[in-house]
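Here are the chains, one letter per residue:
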Amino acid sequence: MERKRDYMTVQELTENEKYKFWYFKIKECKESGLSVKDFCDKNNIKPSTYYNYQQKIRNILCDQINENSYKNEVSFVSVEKQPHNNEKIIIIKGSIKIELDSDTPYQSIEPLLKSLL
């Protein structure tokens, strides 16, 4: 008769679950105050496995940051209109410089900004 297990081994996890498991293990190590070697010894982990997953997770996080930084999204926030004396809005992108009167309507500025992306 086969005994039922109440746990899964790391080998049985999906790739995504493995990364999540290792993300939290690495975080636990950092928060423990132990050296990586001591943490690995205490948790029966090969240091080479720890560092391998640490590098993989760094790469995944860097890729996510890069993906998010290249999105061409424009967002606007409301700002209280201030009295002005011939103030200008200056938009510079590369060699393009655009100057607008500070009272230029928002509806005119939005398409301009989007076209510069």
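About the criteria used
Residues numbered from 1 in each chain as written. Predicted model: local features only at pLDDT ≥ 70, side-chain atom pairs only at ≥ 80, totals over all residues. Heavy atoms only, no water. Helix = DSSP H or I, 4+ residues; strand = E, 2+ residues; numbered from the N terminus. Buried < 20%, exposed > 50% of the residue type's maximum accessible area, 1.4 Å probe, protein only. Areas by Shrake-Rupley, 256 points an atom, 1.4 Å probe, with all protein chains shown as cover. Pairing = 2+ DSSP bridges. Contact = heavy atoms within 4.5 Å. Phe/Tyr/Trp six-rings, centres within 6.5 Å; stacked < 30°, edge-to-face > 60°. Patch = residues over 30% accessible without salt bridge, like charges linked within 9 Å, V, L, I, M, F, W, Y side chains within 5 Å. Salt bridge = Lys/Arg side-chain N within 4 Å of Asp/Glu carboxyl O. pLDDT = per-residue confidence, 0-100.

1. Notes on the overall build of the protein chain
- Each helix and strand counted, the protein chain has four helices and two strands in total.
- Counting from the amino terminus, helix and strand elements in the protein chain follow one another as α-α-α-β-β-α.
- Looking at the protein chain residue by residue over its 117 residues, the buried ones come to 16%.
- On the protein chain, roughly 10,200 Å² of surface is accessible, and the fraction owed to carbon and sulfur atoms is 50%.

2. Let's talk about the pairing of strand 2 (residues 96-101)
- As judged from the six bridges shared by strand 1 (residues 88-93) and strand 2, these two strands associate in the antiparallel manner. Across the sheet, lysine 88 pairs through a bridge with aspartate 101, a residue of strand 2.
- Counting the residues between successive antiparallel strands, the hairpin from strand 1 to strand 2 contains two residues, one of them, glycine 94, with a positive phi of roughly 60 degrees.

3. Description of the side chain of glutamine 54
- Relative to the helices and strands, glutamine 54 resides in helix 3 (residues 47-69).
- With residues near it in sequence (within four places) discarded, glutamine 54 still touches Ile26 and Lys30.

4. Side note on the packing of aromatic side chains
- Summed over all chains, the structure comprises five aromatic pairs.
- Ring centres 5.4 Å apart and planes at 90 degrees place the aromatic pair phenylalanine 21 and tryptophan 22 in the edge-to-face group.
- With relative accessibility at 30%, the residue phenylalanine 21 sits in the partly exposed group.
- Ring plane angle 85 degrees and centroid distance 5.1 Å describe the contact between tyrosine 23 and phenylalanine 24, whose orientation is recorded as edge-to-face.
- According to the relative accessible area criterion, tyrosine 23 is partly exposed, its value standing at 37%.
- Taken together, the aromatic side chains of Tyr19, Phe21, Trp22 and Tyr53 make up a single cluster linked through ring pairs.

5. A short note on a nonpolar patch on the surface
- Together, Tyr23, Phe24 and Leu61 make up an exposed nonpolar region whose accessible area comes to about 280 Å².
- Structurally, tyrosine 23 is set in helix 1 (residues 15-32).

6. Some words on unusual backbone geometry
- At asparagine 44, a position not held by glycine, the phi torsion is positive, near 55 degrees.
- Here asparagine 44 shows up in the loop between helix 2 (36-42) and helix 3.
- Relative accessible area serves as the criterion here: at 74%, asparagine 44 is assigned to the exposed category.

7. Regarding the pattern of salt bridges
- Following the criterion strictly, the structure yields two salt bridges and no others.
- Between lysine 25 and glutamate 28 there is a salt bridge whose closest N-O contact spans 3.5 Å. Linking lysine 25 with glutamate 28, this pair stays in helix 1, spanning three residues, or about one helical turn.
- Here glutamate 28 falls in the partly exposed class, since its relative accessible area comes to 38%.

8. What about the confidence of the model for the protein chain?
- With 71% of its residues at a pLDDT of at least 70, the protein chain reaches an overall mean of 77.
- Counting interchain partners and residues more than four positions distant, the pLDDT-below-50 stretch residues 1-8 has three contacts.

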